[in-house]
Amino acid sequence: MKTVLDTILTFTNWVWGIPMLIAIAGGGFFLSVRLGFLQFTKLPFILRNTIGKAFGQKAEQGKFSGWQAVTGALASTLGAGNIVGTAMAIAYGGPGGVFWLWVAGLLASIVKYAEVTMAMKYRKLDQDGKWAGGPHIYLSSATGWKWLSVAYSIVCVLCMFVAASAQIGSGVDNIAAFGAPRTVTTMILTILCALVVLGGMKNLLSVSERIVPAMSILYILGALVVLALNIQNVPGAFAMIFRYAFTGHAVLGGFGGATVAACIRWGIARGVYSNDAGVGYVTIAHSVAEVNHPIQQGMWGIFEVFFDTLIVCSMTCLSILSTGVWTQEGIPAATLTAAAFGSALGVAGQLIVTICLVLFTFTTACAQVEFGCTTLSRLVGTWAKKYGRIVMLVLIFMGGIVGIGSLLNYLDFVLFLTIFFNLIGVYWRHQEVVDLSREYFEDPEKWEHTKWPRWVEMEEEYNSNQKEVS
């Protein structure tokens, strides 16, 4: 058994190096070329038509706005990856890992745009007249390969089981650092998760719509204060990121040296863990959005990665590097961010990180339970959703007990498998994304008032069937 686990870990360390750099960054570059690098050329338009309109959006009764859908997706995206995962990219990959984290984010944003667009194009109306979609639908519908959807669903369920457990484990790690009993803390967080996930997608979106903006603002404000207090070290932090990205770094403080390969491995892996680009499952939340054209929701995919990686993760990285805590001995990688905030703001700084991390990991775990169980229900039947939630809540409790360190490498393995199957379909059918993009950007104003014809037909067909039944 040990030999098998060692083989998995060896393979994981290898695949998250150059192979995944090619798959994520290389594939992202290919899509960027095909789409005219729209994540850069149309960024002002994208920001204006996503976050710029978000707070004025109101959904019809019983439906979800694009903003509500994206807060549900961000509930999964903003998590331990931003605070703990990013710190681990520095601890194990050195400052150079941050550069590769940025590369993954800039190019992966177009990957997320593509997968959200695919999910919107192939979404369906369920028996209650609500939109439902995700990789379990678009992978088979777009390619005609049912096996691809089945393979993805199996590994996605496994990935969600491990990921949700790792999220709670990282939250408990930081609370336990204050001396709180690990078992009691885990039990409380598991019960809170149960209160949300047993209510399904409606509960998740309702909670995330309130928590996600608040926790993001709190964390960003805290990071800005830390950077302001260490402003003289920020230019040096940037210099280290670019210098060590191509040279690695020697043994320093409590962490070992890192080769260039290690910089790439940990930067790419933690970047994807943070922004969820390529994994597909966050499109389940996007698919419920009430918008007029698939691209309108696809643009939120770019915003998510932009906000998650280039803003939140960058602030974490610069806080750690500018305070110098990464060079100090005796600080575990999982609590490196708390140490950085604490060095500048004292106990208040550590509390800010702990509170934000608990909220981040709590909402992420809830979202991953819902996504995992939705995928499971599509795989074996709707009856499995209720039992899947119970099993995942048990696993969440176990993750809280063992902590994130024991789970991270195994999470990387199942994360790779999930991305592998998802990207086969997304890359294979990327022309559909190109065509939809051309259709939308030729006259964006038109789609402010006109609903995509295919969705109109599906709604009319559903309403007609309902009349016949009644």
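Residues numbered from 1 in each chain as written. Predicted model: local features only at pLDDT ≥ 70, side-chain atom pairs only at ≥ 80, totals over all residues. Heavy atoms only, no water.

J.: I'd like a rundown of helix α2 (residues 18-34), residues and numbers included.
T.: In this model, α2 (17 residues) spans 23 Å end to end at C-alpha, consistent with the 24 Å of a helix rising 1.5 Å per residue. When we look at burial in α2, the residues that qualify are Met20, Leu21, Ile24, Ala25, Gly27, Gly28, Leu31 and Ser32. One or two positions beyond α2, positive phi appears at Gly36, with a value near 70°. (Helix = DSSP H or I, 4+ residues; strand = E, 2+ residues; numbered from the N terminus. Expected span 1.5 Å × (residues − 1). Buried < 20%, exposed > 50% of the residue type's maximum accessible area, 1.4 Å probe, protein only.)

J.: Describe the confidence of the model for the chain, and please don't skip the residues or the numbers.
T.: A low pLDDT score tells you not to read the predicted coordinates there in detail. Summing up the model confidence of the chain, the mean pLDDT is 82 and the portion of residues at 70 or higher is 84%. Taken element by element, the chain is modelled with least confidence in helix α6 (residues 66-77), mean pLDDT 52, and with most confidence in helix α21 (residues 430-442), mean pLDDT 96. (pLDDT = per-residue confidence, 0-100.)

J.: Describe in detail the pattern of salt bridges, supporting the description with residues and values.
T.: Applying the stated criterion to the full structure yields seven salt bridges. Between Lys451 and Glu290 there is a salt bridge, with the nearest N and O atoms lying 2.7 Å from each other. With Lys451 in the loop between α21 and α22 (453-469) and Glu290 in the loop between α15 (283-286) and α16 (294-323), the pair connects residues that are 161 residues apart, well separated along the chain. Ionic pairing is found between Arg438 and Asp435, a salt bridge with its closest N-O pair at 3.3 Å. Of this pair, Arg438 and Asp435 both sit in helix α21, three residues apart, roughly one helical turn. The class for Arg438 is partly exposed, based on a relative accessible area of 45%. For Asp435, a relative accessible area of 39% translates into the label partly exposed. Counted as one network, the salt bridges with shared partners bring together Lys121, Arg429 and Glu432. (Salt bridge = Lys/Arg side-chain N within 4 Å of Asp/Glu carboxyl O.)

J.: Which residues make up the packing of aromatic side chains, and what are the values?
T.: Taken as a whole, this structure holds 21 aromatic pairs when the rule is applied. Plain terms: the ring middles of Phe11 and Phe416 are 5.5 Å apart, the flat faces sit at 65° to each other, and that makes the pair edge-to-face. Here the residue Phe11 occupies a position in helix α1 (residues 2-15), and Phe416 occupies one in helix α20 (residues 408-428), the gap between them amounting to 405 residues. Assessed through its relative accessible area of 13%, Phe416 is described here as buried. Three or more aromatic residues joined by ring pairs form one cluster here, namely Phe11, Trp14, Phe413, Phe416, Phe420 and Phe421. (Phe/Tyr/Trp six-rings, centres within 6.5 Å; stacked < 30°, edge-to-face > 60°.)

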